[in-house]
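Each chain, letter by letter, is given below.
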Amino acid sequence: MKRVRSFLVALMAVVMGMSVTSCLKGDDNHIFTMTVPVKYNFGSFLMGDATTKLVPTTELGFLDGNMYMISCQYDQSQVTANSTSIPITLLSTPLCIDPKSNESLTTTKAVPTNPLYSLDKQLSSLVYYDENTIVLTMPYWVKVEGTTIEESETKKHSFVLSYDPETMTASDTKLKLYISHVVDDAEGETVTRSKFTYAYRAYSIRAALAAFKEKTGELPKYLELTAEINDSKDELVDKDGKETSVERSVEYQYAFTE
């Protein structure tokens with residue numbers, strides 16, 4: 001597959017939809033802040049070009065995950081077209097975005113128990129780490145105690161990504177992926193979720209891409225995400241059994257070619 005090599009070009013390809021802002025003004029406008037998905041790489045972070053390392057200026061400490069979202073600053077004056085190691089200053093603790101064991105890509109669609117808050121591109125996003133890995137930002141309804149979201153609450157929420165190879169046809173141009181929001185509330189438990197927060201997950205879609213290419217002979221032009229959405233209330237159906245959520249789809253251009 002065609003891949004961009006320079007850091008600056010790779011950064012723009014990977015960080016589509018993420019935050020990149022300048023911190024200074026005028027001619028000294030060379031310190032930039034960015035939020036970007038990365039892979040942990042023994043004391044540094046690896047960009048999606050599999051070459052460029054982001055190296056924190058302070059010790060990272062113990063990280064036991066694979067994929068992370070980091071917010072950091074870097075000095076653009078230290079970056080050239082051939083840079084492969086970039087010093088960065090972390091602005092917050094790296095956030096692990098590995099999928100849970102029950103969330104990884106599957107050919108079996110999980111039955112959603114709860115809706116997402118939105119799939120709109122203003123609130124949610126899909127960005128590419130590399131040609132086989134997508135990072136999803138998904139807003140969802142959550143229970144808030146005061147101003148705090150308890151870890152026990154976030155652990156209940158799973159976001160299962162699936163595709164159906166049986167529905168693919170030779171003329172398809174879109175790879176269709178479904179997000180199922182599954183909440184593990186105890187039997188009989190009633191939980192009021194009136195605020196929304198964000199889940200971040202890095203999914204490998206290698207198997208879905210391989211199935212699509214086997215059926216069509218080429219890679220998709222678009223990825224289509226579909227999920228049950230309700231931006232008014234955390235429910236799929238009301239107390240009378242009337243459906244209150246809607247199935248919503250959104251398309252993203254696939255960023256790689258052969």
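Here's a quick rundown of the structure.

**Things to note about the nonpolar core**
Across soluble globular proteins, you tend to see nonpolar side chains buried next to one another.
Then step 1. Membership of the largest hydrophobic core comes to 32 residues, with the highest contact counts inside it found for Leu-116, Ile-134, Leu-136, Leu-177, Ile-179 and Leu-225.
Then step 2. In terms of residues, this core owes the most to one element, strand E9 (residues 133-142), which gives five residues.
Then step 3. For Leu-177, the residues in contact, after removing those within four places along its chain, are Leu-105, Ile-134, Leu-161, Ser-162, Tyr-163, Ile-205, Ala-208, Glu-224, Leu-225 and Thr-226.

**What to know about the sheet that holds strand E12 (residues 195-204)**
Strand pairing within a sheet occurs via backbone hydrogen bonds; the two strands may be parallel or antiparallel.
Then step 1. Pairing is antiparallel across the open sheet formed by three strands, whose spatial order is E8-E9-E12. Looking at which strands have only one partner, the edges of the open sheet turn out to be strand E8 (125-130) and E12. Strand-to-strand twist of the sheet, defined as the mean angle between neighbouring strand axes without regard to direction, takes the value 25 degrees.
Then step 2. The pairing of E9 with E12 spans ten bridges and is classified as antiparallel. Bridge assignment links Leu-136 to a residue of E12, and that residue is Arg-201.

**Some words on unusual backbone geometry**
Then step 1. Residues other than glycine seldom take positive phi values, yet Phe-42 does so here, at roughly 55 degrees.
Then step 2. Note that Phe-42 resides in the loop between strand E2 (31-40) and strand E3 (45-46).
Then step 3. The class of Phe-42 is exposed, set by a relative accessible area of 81%.
Then step 4. A positive phi angle, close to 65 degrees, is found at Ala-50, a residue other than glycine.
Then step 5. Position of Ala-50 relative to the elements: it lies in the loop between E3 and strand E4 (53-56).

**Brief notes about the packing of aromatic side chains**
Then step 1. Within the structure shown, the criterion is met by twelve aromatic pairs.
Then step 2. Pairing Phe-32 with Tyr-74 gives two aromatic rings, centres 6.2 Å apart and planes at 25 degrees, and the pair type is stacked. With Phe-32 in strand E2 and Tyr-74 in strand E5 (residues 67-75), the pair connects residues that are 42 residues apart, well separated along the chain. Neither residue differs from the other here; Phe-32 and Tyr-74 are each classed as buried.
Then step 3. Through pairs of rings, three or more aromatic residues link up here, namely Tyr-117, Trp-141, Phe-196, Tyr-198 and Tyr-200.
Then step 4. We note Lys-121 situated over the ring of Tyr-252; from NZ or CZ to the ring centre the distance is 4.5 Å.

About the thresholds
- Residues numbered from 1 in each chain as written.
- Predicted model: local features only at pLDDT ≥ 70, side-chain atom pairs only at ≥ 80, totals over all residues.
- Heavy atoms only, no water.
- Core = buried A, V, L, I, M, F, W, Y, C linked by side-chain atoms within 4.5 Å.
- Buried < 20%, exposed > 50% of the residue type's maximum accessible area, 1.4 Å probe, protein only.
- Helix = DSSP H or I, 4+ residues; strand = E, 2+ residues; numbered from the N terminus.
- Contact = heavy atoms within 4.5 Å.
- Pairing = 2+ DSSP bridges.
- Axes fitted to C-alpha atoms, helices over the stretch in contact; angles between N-to-C directions.
- Phe/Tyr/Trp six-rings, centres within 6.5 Å; stacked < 30°, edge-to-face > 60°.
- Lys NZ or Arg CZ within 6 Å of the ring centre and 35° of its normal.

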